[in-house]
Amino acid sequence: MEDFLAKELKARHAILSGMPGDVSITILMRPFLRHQEIVDTSIRLDAIDLPSNRLGDLAGKSFEFPTNPDEGYIDGSIYLDNAHHPVDVSSLNFSKSRDGLLTLVVKGVYVFDLGGLDSPGNTPFILAATVSSCAV
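This section reports on the structure supplied with the text. All values derive from a computational prediction rather than experimental measurement.

### Notes on the overall build of the protein chain
Summing up its helical and strand segments, the protein chain has 1 helix and 10 strands in all. Taken from the N to the C terminus, the helices and strands of the protein chain come in the order β-β-β-β-β-α-β-β-β-β-β. Here the protein chain has a C-alpha radius of gyration of 15 Å; the compact-globule value for 136 residues is 14 Å, and the two agree. Referenced to the eigenvectors of the C-alpha coordinate spread, the extents of the protein chain come out at roughly 40 × 35 × 20 Å. The proportion of buried residues among the 136 residues of the protein chain is 38%. Summarising the internal contacts of the protein chain: among those between residues at least 6 apart in sequence, 52% fall at separations of at least 24. As presented, the protein chain carries roughly 7500 Å² of accessible surface, and 50% of it is formed by carbon and sulfur atoms. For the protein chain, the separation between the mean place of its 11 positive charges and that of its 18 negative charges on side chains is 12 Å.

### Digging into the packing of aromatic side chains
The way to describe two aromatic rings as a pair is by their centre distance and the angle between their planes. One pass over the structure, following the stated rule, counts 3 aromatic pairs. Relative to F94, the ring of F63 lies with its centre 6.2 Å away and its plane at 75 degrees, an arrangement referred to as edge-to-face. Taken together, the positions of F63 in strand 6 (residues 61–64) and F94 in strand 8 (residues 83–96) put the pair 31 residues apart, joining distant regions of the chain. On the basis of relative accessibility, which here comes to 15%, the residue F63 falls in the buried class. Residue F94 is classed as buried on the basis of its relative accessible area, which comes to 0%. Taking 4.2 Å as the distance between ring centres and 25 degrees as the angle between the ring planes, the aromatic pair formed by Y110 and F125 counts as stacked.

### Considerations on the side chain of S52
By the secondary structure assignment, S52 is in the loop between strand 5 (42–48) and helix 1 (55–58). Residue S52 is classed as buried on the basis of its relative accessible area of 7%. Within polar-contact distance, the side chain of S52 engages the backbone nitrogen of R54 at 2.9 Å. Here D57 takes part through its side chain, which lies 2.8 Å from a polar atom of the side chain of S52. In contact with S52, not counting residues within four places along its chain, are P20, V23, D57 and L58.

### Section: the pairing of strand 7 (residues 75–80)
Here strand 7 shows a buried face lined by G76, I78 and L80 and an unburied face lined by D75, S77 and Y79. One ladder, built from 4 bridges, connects strand 5 with strand 7; its direction is antiparallel. Directly across from I43, in strand 7, lies its bridge partner I78. Summarising the sheet, strand 7 and strand 8 pair through 4 bridges and their orientation is antiparallel. Considered in strand 8, the bridge of I78 is made with H85. Where strand 7 hands over to strand 8, the hairpin turn is made up of 2 residues, of which D81 adopts a positive phi near 50 degrees.

### Digging into the nonpolar core
Core analysis: the largest hydrophobic core is formed by 34 residues, its most contacted members being I25, L92, F94 and Y110. Beyond its immediate stretch of four places on either side in the chain, F94 contacts L16, L50, L58, A59, G60, K61, F63, L102, T103, L104 and V131.

### Observations regarding the environment of L58
Inspection of the secondary structure assignment puts L58 in helix 1. Between the alpha carbons of L58 and V106 there is a distance of 14 Å; along the sequence they are 48 residues apart. With sequence-adjacent residues up to four places away left out, L58 is seen in contact with L16, L50, P51, S52, F63 and F94.

Thresholds, definitions, all that
Residues numbered from 1 in each chain as written. Predicted model: local features only at pLDDT ≥ 70, side-chain atom pairs only at ≥ 80, totals over all residues. Heavy atoms only, no water. Helix = DSSP H or I, 4+ residues; strand = E, 2+ residues; numbered from the N terminus. Rg over C-alpha atoms; globule rule 2.2 N^0.38 Å. Buried < 20%, exposed > 50% of the residue type's maximum accessible area, 1.4 Å probe, protein only. Contact = heavy atoms within 4.5 Å. Areas by Shrake-Rupley, 256 points an atom, 1.4 Å probe, with all protein chains shown as cover. Lys, Arg positive; Asp, Glu negative; His and termini not counted. Charge placed at Lys NZ, Arg CZ, Asp CG, Glu CD. Phe/Tyr/Trp six-rings, centres within 6.5 Å; stacked < 30°, edge-to-face > 60°. Polar contact = N/O pair within 3.5 Å; in protein donor to acceptor, adjacent residues only side chain to side chain. Pairing = 2+ DSSP bridges. Core = buried A, V, L, I, M, F, W, Y, C linked by side-chain atoms within 4.5 Å.

Laid out in C-alpha cells, this is it:
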C-alpha cells in the first residue's frame, strides 16, 4: 500500500441504519484505480449513539465523539488491500444542502499504521456525502 494516497478516498453517499442509540452508517466511497484494478470500498461505522436514525431529526445537528478506546467511540473501519483498517471518527455533522437533501460531514482519522501498512500512517480526513436513511 506504499503508493496509496488517502486523497483517493472520496465519499459518494452515506446510508444510516439501525435504531436510535445504536445507529450504523455505511459511507460508500467513489471507486478508484490502483495497480490496474478498480477499488470499490466503503467505510463502516457502528455503535453510534445518535438520538434518532431519521434524517429530519438529525438535520442541523452536530455530534462529537471520543476516539477508540475511550467509552462512546464509534467503531469504524475501511477495507483496503485485503485488510480492515480502523477509522476513528471525532465528529458527525448533518446539514441541509441547497437542494433540500441532507449532507453528512464526517471528521476523523484513517488509522493505517495498525493494519500492517508502511504508509501513509495515520491520516486525518474530512468527508462529505449526501445521506439517506433506512428508517421508516
